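Below, each chain spelled out in residue letters.
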Amino acid sequence: MRNKYLLGAEFLIFFALLPVSFAWDYSIWIKAGLAVAGLTYIIVRLVKDPDKPLKWFKNYPWKPFWKRIGLQFLIIGIVTTLFVLWKAPSSLFCVPKSDPELFVKILGVYTFLSVWPQELIYRTYFFSRFEALFPSKKVLIFVNAVVFSLAHIFFRNTLVTVLTFIGGLLFAYTYFKTRSTLLVSIEHAVYGNWLFTVGMGDMLAFPGMDACAA
């Protein structure tokens, strides 16, 4: 029982109090320090975990993974393209067309400095550490999506909140089925980079994308 209370406290600190605090106005350096300290703590815990949730080499279910991701990407691609055409047609594929060098930099920074740390924290660590706190698969996936959305509250952007909740549901499902940080990171990178590609970067308040505002 005591362990459950400790886990509950850790959950609240890492997945509620800390991300909400980033929406407050205080030094960016303190925020960065807290983020780095938290990520370091999580990586150390994952490395020391006897169940070894970080498995880099294994037989991944590549075929069903790409089949599902391909179908979902097709739907996401159509919906988001129509959305940009409706809301800001001049932004459609603006960055890759107007500044290919910036576009490549955005993809690299987002994939390796945003996607990978997020998946370590919100899927690998979350599932390995807190899965036992939740009574069912559906509750587990729903709560994971909620806290993932909460992690982006500092953007103060309703569209970001909605999209990260939807993304959180998809990523949580993928991780629950595969237990693979690699596969869920690939999925996250594919969808996220597409949003910047199609022209939603400025809508999502991503730094450096304001030049493509309508």
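Residues numbered from 1 in each chain as written. Predicted model: local features only at pLDDT ≥ 70, side-chain atom pairs only at ≥ 80, totals over all residues. Heavy atoms only, no water.

Engineer: What should I look at first to understand the overall build of the chain in this one?
Structural biologist: Looking only at helices and strands, one finds 8 helices and 0 strands in the chain. Secondary structure elements in the chain, listed N-terminal to C-terminal, are α-α-α-α-α-α-α-α. In terms of overall dimensions, the chain is globule-like: its C-alpha atoms have a radius of gyration of 18 Å, near the 17 Å expected for 214 residues. Taking the principal axes of its C-alpha atoms as reference, the chain extends roughly 55 × 45 × 30 Å. Burial status across the chain gives 43% buried among its 214 residues. Accessible surface computed for the chain: about 12100 Å², of which carbon and sulfur atoms make up 72%. For the chain, the separation between the mean place of its 21 positive charges and that of its 11 negative charges on side chains is 10 Å. (Helix = DSSP H or I, 4+ residues; strand = E, 2+ residues; numbered from the N terminus. Rg over C-alpha atoms; globule rule 2.2 N^0.38 Å. Buried < 20%, exposed > 50% of the residue type's maximum accessible area, 1.4 Å probe, protein only. Areas by Shrake-Rupley, 256 points an atom, 1.4 Å probe, with all protein chains shown as cover. Lys, Arg positive; Asp, Glu negative; His and termini not counted. Charge placed at Lys NZ, Arg CZ, Asp CG, Glu CD.)

Engineer: Hey, could you run me through the packing of helix H2 (residues 28-48) against helix H5 (residues 100-130) in this one?
Structural biologist: What describes two packed helices is the angle between their axes and the distance between those same axes. Axis separation between H2 and H5 bottoms out at 10 Å; the angle between their running directions is 50°. Considered as vectors, H2 and H5 are oriented oblique to each other. As H2 runs across H5, the sense of the crossing is left-handed. Residues Leu-39, Tyr-41, Ile-42, Ile-43, Arg-45 and Leu-46 of H2 pack against Pro-117, Leu-120, Ile-121, Thr-124, Tyr-125, Ser-128 and Arg-129 of H5. Considered class by class, the residues forming the contact of H2 with H5 number 9 nonpolar, 2 polar and 2 charged. (Axes fitted to C-alpha atoms, helices over the stretch in contact; angles between N-to-C directions. Parallel < 35°, antiparallel > 145°, perpendicular 65-115°, else oblique. Left-handed = near helix turned anticlockwise from the far one by under 90°. Contact = heavy atoms within 4.5 Å. Nonpolar A, V, L, I, M, F, W, Y, C, P; charged D, E, K, R; others polar.)

Engineer: Even after reading the chapter, I still don't get the layout of surface pockets, so can you show me in this structure?
Structural biologist: To locate leftover empty space, one rolls a probe as large as a water molecule over the atoms. Considered as a void within the structure, the largest pocket measures approximately 1600 Å³ in volume. Around the largest pocket sit 49 residues that line it, and Ser-114, Gln-118, His-152, Phe-154 and Phe-155 are the ones nearest its centre. Sorting the residues of the lining of the largest pocket by element identifies helix H1 (2-21), H2, helix H3 (62-87), H5, helix H7 (158-178) and helix H8 (181-198) as the ones contributing at least two each. Counting residues per element, the lining of the largest pocket draws most heavily on H2, which supplies 9 residues. Residues belonging to the lining of the largest pocket are distributed by class as follows: 38 nonpolar, 10 polar and 1 charged. (1 Å grid on protein atoms, 1.4 Å probe; cavity = no way out; pocket = protein on both sides within 12 Å on 5 of 7 lines; lining within 4 Å. Points joined across faces, edges and corners; volume = space filled by probe spheres on them.)

Engineer: Help me understand the nonpolar core, please; the structure alone is not making it clear to me.
Structural biologist: Considering soluble globular proteins, one finds that nonpolar side chains tend to be buried as a cluster. Ranked by internal contacts, the top residues of the largest apolar core, which has 30 residues, are Phe-11, Phe-15, Tyr-122, Phe-126, Phe-130, Phe-134 and Val-147. Secondary-structure elements contributing two or more residues to this core are H1, H2, H3, H5, helix H6 (137-150), H7 and H8. Broken down by element, the residue count for this core peaks at 7 residues, all from H5. Sequence-distant contacts of Val-147, that is, excluding residues within four places in its chain, are made with Phe-11, Phe-15, Tyr-122 and Phe-126. In this structure, Leu-92, Val-160, Trp-194 and Met-203 belong to the second largest nonpolar core, which totals 10 residues. (Core = buried A, V, L, I, M, F, W, Y, C linked by side-chain atoms within 4.5 Å.)

Engineer: Looking at this structure, how should I read the side chain of Asn-144?
Structural biologist: You can see Asn-144 is positioned in helix H6. Residue Asn-144 is classed as buried on the basis of its relative accessible area of 0%.

Engineer: Help me out: how do you make sense of H6 in this one?
Structural biologist: Helical periodicity: at 3.6 residues per turn, an α-helix aligns residues three or four positions apart in one direction. Taking 1.5 Å of rise per residue, 14 residues should cover 20 Å, and H6 covers 20 Å from first to last C-alpha, within 8% of that figure. Turning to H6, its buried residues are Leu-140, Ile-141, Val-143, Asn-144, Ala-145, Val-147, Phe-148 and Ser-149. (Expected span 1.5 Å × (residues − 1).)

Engineer: In this structure, what is going on with the packing of aromatic side chains? I would like to understand it.
Structural biologist: Pairs of aromatic rings are described using the distance from one ring centre to the other and the angle between the two planes. Evaluated as defined, the whole model comprises 25 aromatic pairs. Positioned above the aromatic ring of Trp-86 is the side chain of Lys-87, whose terminal nitrogen or guanidinium carbon lies 5.2 Å from the ring centre. Here the guanidinium or amino end of Arg-123 rests over the ring plane of Phe-148, the centre of that ring lying 4.4 Å away. (Phe/Tyr/Trp six-rings, centres within 6.5 Å; stacked < 30°, edge-to-face > 60°. Lys NZ or Arg CZ within 6 Å of the ring centre and 35° of its normal.)

Engineer: Explain a nonpolar patch on the surface to me, please; I cannot follow it from the model alone.
Structural biologist: Together, Leu-71, Leu-74, Ile-75, Ile-78, Val-79, Leu-82 and Leu-85 make up an exposed nonpolar region whose accessible area comes to about 680 Å². For Leu-85, the position within the fold is in helix H3. Under the relative-accessibility criterion, Leu-85 is labelled partly exposed at 42%. (Patch = residues over 30% accessible without salt bridge, like charges linked within 9 Å, V, L, I, M, F, W, Y side chains within 5 Å. Salt bridge = Lys/Arg side-chain N within 4 Å of Asp/Glu carboxyl O.)

Engineer: Is there a simple way to explain the pattern of salt bridges in this structure?
Structural biologist: When their charged atoms lie close together, side chains carrying opposite charge are able to pair. Taken as a whole, this structure holds 6 salt bridges when the rule is applied. Between Glu-187 and Arg-68 there is a salt bridge whose closest N-O contact spans 3.9 Å. Residue Glu-187 is located in helix H8, and its partner Arg-68 is located in helix H3; the two are separated by 119 residues in the primary sequence. In this structure Arg-68 comes out as partly exposed when scored by relative accessible area, which is 22%. With a closest N to O distance of 2.8 Å, Glu-131 and Arg-179 form a salt bridge. In this pair, Glu-131 sits in the loop between H5 and H6 while Arg-179 sits in the loop between H7 and H8, placing the two residues 48 residues apart along the sequence. By relative accessible area, Arg-179 is classed as partly exposed at 30%.

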